[in-house]
Amino acid sequence: MLNNKIFTLLATAFFTLVLCADAPKIHYDWNDVSVTVNPTGIWEKVSAPGVVNNASTPPGLLAYNLSENGVMFNWKPSADTSRISGQADIVGAVLSLDESLLIIAERVGGNDQPNSTRLVFINILNNKICGGMTLENRRIRQIFTVPGMNHKILAIQQGQSAFKSMNSLLLIDLKRKTVTRIGPGFDKEITSLCTDGSRVWLSFKDNSSFAEVNLDEPEKEPRYCDAKKPVLCLSYNPLTSNIIACGSGICEFFSISRDSLFLERSMTLPGEFSPEWQLSLPMIANGMLLQDRDGKGLVISSGGIVPLDFRVEPYGCILPDKSVLIGTGNRSRINNIVLPECSVKHFYTPSAMRPISRNKTLYIFPRTTKPVETILVDDRGNVFKLALQGRRGRKSIVLLTDKNGVR
């Protein structure tokens, strides 16, 4: 039986190499438990009878289901040891599909060290840390929500030689607090992904091939498609059912079928524009907002390319009215732009609002409230609500951290 398994693995590896010579190789994830991760930051759970962390939260919402009652949490984010200015080592954040739970991912262990990743759960309806989980010996680079899966998230894992682990795609069940699906391992780092809820498309560092994996068949060999240049970012557009693969100076539009991915058309980006961040625009045919290293921004769609006339910061979101909030380089100002003409409808400057905070915004998420409310996460782990009402908007505190933790 063992010999049969070894033969099967060798045969799979051989045919993958022959048929997909340019594609990242598939491996399996082996962990070495003899290596330990240096504990960084503070994560404390203290018994507190009578504390109800799902107070003011309707039953059935994710924040209600994941809240641990009878305890209080204290969290001081791990410091980003690659920087000297005190930023938290935050690698990702998402707002649950039902808009009740904020999930912040922080790296534990420090820079250039073996890492784990901590997920912190914040109940947005009552502004309390209500739970969390640690992904032991896993270095997560980004996290993503999954359409139709309110209690699960996708995560990009970076391989660690200390644990003999590979670059992988993870599907994390937040209710069970387990990694329920592990995709194949790859030699090259995963740089971006997009999903329609059942399939996931992955791009890789310095590689012009991107992969398609199926969440319902996680052990199935990925399907690969070749782009003309190394793929820097990917987006799935539900209006056209296209995968948009952007590289330096080019965007390519691939049509999806059950049996194949094929190039439908391509678009040249001006001046060898090389995107480093993107915001998918699913309400526009083949819509994406792109930002390059210099802060230049473009909005692409089936209708063409519109350059933005302000410096773009790599965070933004789509509001319920289908306009877009996008960070700018002007004193942390956030522009509200109307598509497709990309005109600035309004702007907000949270750093100038009380309570005053000069920290850099990393993430912004919309909520379908009246008035519309957004959630801001900054580079020190502080969380605010910004209600988009009136000329200036109104800011309030969800969570503040200092050297002792949450205050």
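Novice: For this particular structure, what's the right way to read the nonpolar core?
Specialist: Within soluble globular proteins, side chains that are nonpolar generally end up buried alongside one another. Counting 20 residues, the largest nonpolar core has Ile103, Leu119, Phe121 and Leu174 as the members making the most contacts within it. Broken down by secondary-structure element, the contributors of at least two residues to this core are α2 (62-66), β4 (90-95), β5 (101-108), β6 (116-123), β7 (128-135), β8 (139-146), β9 (149-158) and β10 (168-173). Residues Val71, Ile124, Ile375 and Leu399 belong to the second largest nonpolar core, which totals 19 residues.

Novice: Just to check I follow, could you spell out the environment of Asn214 for this structure?
Specialist: Relative to the helices and strands, Asn214 resides in strand β15 (residues 209-214). Separated by 147 residues in the primary sequence, Asn214 and Thr361 have C-alpha atoms spaced 34 Å apart. Apart from the residues lying within four places of it in its own chain, the contact partners of Asn214 are Ser198 and Arg199.

Novice: Can you help me understand the pairing of β15 in this one?
Specialist: Consecutive side chains of a regular strand alternate in pointing toward one face of the sheet and then the other. When you tally the buried positions in β15, you get five out of six residues, the bulk of the element. Of the pairings in the sheet, the one linking strand β14 (residues 199-204) to β15 comprises five bridges and is antiparallel in character. Within the sheet, the bridge partner assigned to Trp201 lies in β15 and is Glu212. The hairpin turn running from β14 into β15, its antiparallel successor, is four residues long, and Asp206 in that turn takes a positive phi close to 55°. Bridging between β15 and strand β16 (residues 223-226) involves four bridges; their strand directions are antiparallel. Across the sheet, the residue bridging to Glu212 is Arg223, located in β16.

Novice: What exactly am I supposed to notice about the environment of Ser301 here?
Specialist: Checked against the element boundaries, Ser301 lands in strand β23 (residues 297-301). Exposure remark for Ser301: the relative accessible area of 14% places this residue in the buried category. Taking the C-alpha atoms as reference points, Ser301 and Gly287, 14 residues apart in sequence, are found 4.3 Å from one another.

Analysis parameters
- Residues numbered from 1 in each chain as written.
- Predicted model: local features only at pLDDT ≥ 70, side-chain atom pairs only at ≥ 80, totals over all residues.
- Heavy atoms only, no water.
- Core = buried A, V, L, I, M, F, W, Y, C linked by side-chain atoms within 4.5 Å.
- Buried < 20%, exposed > 50% of the residue type's maximum accessible area, 1.4 Å probe, protein only.
- Helix = DSSP H or I, 4+ residues; strand = E, 2+ residues; numbered from the N terminus.
- Contact = heavy atoms within 4.5 Å.
- Pairing = 2+ DSSP bridges.

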